[in-house]
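Examination of the molecular architecture
Read off the chains here:
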Amino acid sequence: MSRGGGKGLSLKDKLDGNELDLSLCDLNEVPVRELAAFPKATILDLSCNNLISLPSDFCSLLHLVKLDLSKNRLQQLPLDFGRLVNLQHLDLLNNRLVTLPVSFAQLKNLKWLDLKDNPLDPVLAKVAGDCLDEKQCKQAAVKVLQHMRAIQSEQDRQRQRKLQAEREMEKKREAEQRAREAQEREVRKREKAEEKERRRREYDAQKAAKQEMEKKTKKETVQTRKPASGPRPAQPPRQKRSCSRSVLRVLLFALFCVLCTLAACKLTELQRQPLCVSLTALYEDVLAALGNHKTLQNLLQHNSQQ
């Protein structure tokens with residue numbers, strides 16, 4: 001394995017008590033997996049190497065208390081660098097750092113910090129100050145932690161404001177959606193009511209037309225039947241005349257029957273029967289009563305001769 005990755009190194013040979021010295025090893029990468037095998041090495045010296053960045057799993061070395069990364073070419077620290085919560089002493093002298101990750105504020109046990117000779121952001125550089133002696137380096141640790149905590153708090157507030165704005169926007173969208181749905185329901189309700197009213201008018205119009213047609217048909221039927229059932233001026237005289245004729249015919253038939261019976265009584269042997277005697281007497285009485293009427297007298301005489 002190449003020495004540039006730290007694979008060819010014998011870490012046991014570099015270990016002295018709780019201090020692991022990997023300085024001046026021409027390292028391009030940090031052998032994190034091998035370092036994790038030495039949890040008792042709380043002091044790690046990686047100064048004077050060619051490190052450009054630290055791998056993300058470097059932050060799993062939670063046992064580190066003192067870390068020296070000075071005189072490398074580090075351009076940035078891992079975003080979760082703040083996981084190294086047991087870190088008390090950090091040397092970042094002479095690197096290429098501009099800013100620090102926000103998680104840096106979580107290094108609550110940090111007591112000593114050196115950020116000299118880095119192209120730091122002007123604000124961060126002013127906060128860090130010089131680290132020319134023990135006191136200044138301790139002050140740098142305190143001030144930088146306060147600064148990073150302020151940045152973290154501001155970011156948290158911004159995040160909260162953003163979340164609040166998103167929630168309000170979501171509520172607004174939901175309110176607008178409910179308003180649209182309510183409006184759509186109202187439109188559908190109005191359209192349904194209008195359609196119902198239209199169908200009701202059509203039904204009423206059809207019913208009225210049907211009633212008008214039935215009324216017209218009934219009127220035409222009445223008008224058609226009216227002449228047949230109406231009074232006929234000429235009918236009563238005709239009926240009266242017909243009735244008179246019928247009565248006359250019955251009387252003439254009765255008279256004919258009586259005459260036939262009289263003829264039978266006079267011309268046959270039945271003239272001695274009681275019926276014929278009575279009928280003959282009645283006939284004679286009638287002749288006597290009607291004797292003054294010449295026409296009847298002539299008719300009866302003619303019938304008697306026969």
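Here's a quick rundown of the structure. Owing to the predicted nature of the structure, the values given are computational and were not obtained by experimental measurement.

Rules and cut-offs
- Residue indices begin from 1 for each chain and proceed along its sequence in written order.
- Where totals are concerned, whole chains, interfaces and linings use all residues; where local detail is concerned, this predicted model gives features only for residues with pLDDT of at least 70, and gives and counts side-chain atom pairs only at 80 or more.
- As a rule here, side-chain values come from all non-hydrogen atoms in the structure, and water together with hydrogens is ignored.
- Only DSSP runs of H or I covering at least 4 residues are called helices, and only runs of E covering at least 2 are called strands; the numbering of each starts at the N terminus.
- In this scheme, a residue with accessible area under 20% of its type's maximum is buried, one over 50% is exposed, and one in between is partly exposed, where area comes from a 1.4 Å probe on protein chains only.
- Working rule for contacts: check all heavy atoms of both residues, and any pair within 4.5 Å makes them a contact.
- Each accessible area is a Shrake-Rupley estimate made with a 1.4 Å probe; only the visible protein chains count as cover when residues are assessed.
- Note on terminology: a nonpolar core comprises buried Ala, Val, Leu, Ile, Met, Phe, Trp, Tyr and Cys residues joined through side-chain atoms within 4.5 Å.
- By disulfide we mean two sulfur atoms from cysteines, separated by a distance within 2.5 Å.
- In this scheme, patches are assembled from residues that exceed 30% relative accessible area and form no salt bridge. Like charges are connected within 9 Å, while nonpolar side chains (Val, Leu, Ile, Met, Phe, Trp, Tyr) are connected within 5 Å.
- For this document, the term salt bridge refers to a Lys or Arg side-chain nitrogen within 4 Å of an Asp or Glu carboxyl oxygen.

A few words on the overall build of the protein chain. On a plain count of helices and strands, the protein chain comes out with seven helices and six strands. Ordering the α and β elements of the protein chain from the N terminus gives α-β-β-α-β-β-β-β-α-α-α-α-α. Taken across its 306 residues, the protein chain has 25% of its residues classed as buried. Nonlocal contacts in the protein chain, meaning residues at least 24 apart in sequence, comprise 35% of its contacts between residues at least 6 apart. A total of about 21900 Å² of accessible surface is found on the protein chain, and carbon and sulfur atoms cover 54% of it.

It is worth spelling out the nonpolar core at this point. In terms of nonpolar packing, the biggest core is built from 41 residues, with Phe58, Phe81, Leu100 and Phe104 touching the most fellow members. Of all the secondary-structure elements, those providing two or more residues to this core are helix H2 (32–36), helix H3 (122–128) and helix H4 (134–229). Considering each element in turn, this core owes the most residues, four residues, to H4. Sequence-distant contacts of Phe81, that is, excluding residues within four places in its chain, are made with Leu54, Cys59, Leu67, Leu87, Leu90, Pro101, Ser103, Phe104 and Leu107.

Right, let's get into the state of the cysteines. Across all of its chains, the model carries one disulfide by this definition. With its sulfur 1.4 Å from that of its partner, Cys131 forms a disulfide with Cys137. Where Cys131 bonds to Cys137 through sulfur, the torsion about that S-S bond is close to 100 degrees, and the disulfide is right-handed. Overall, the relative accessible area of 6% leaves Cys131 in the buried class. According to the relative accessible area criterion, Cys137 is buried, its value standing at 2%.

Turning our eyes to something else, we now look at a nonpolar patch on the surface. Judged by side-chain polarity, Leu248, Leu252, Leu255 and Val258 come together as a nonpolar surface patch covering roughly 340 Å² of accessible area. Mapped onto the secondary structure, Leu252 falls in helix H5 (residues 235–267).

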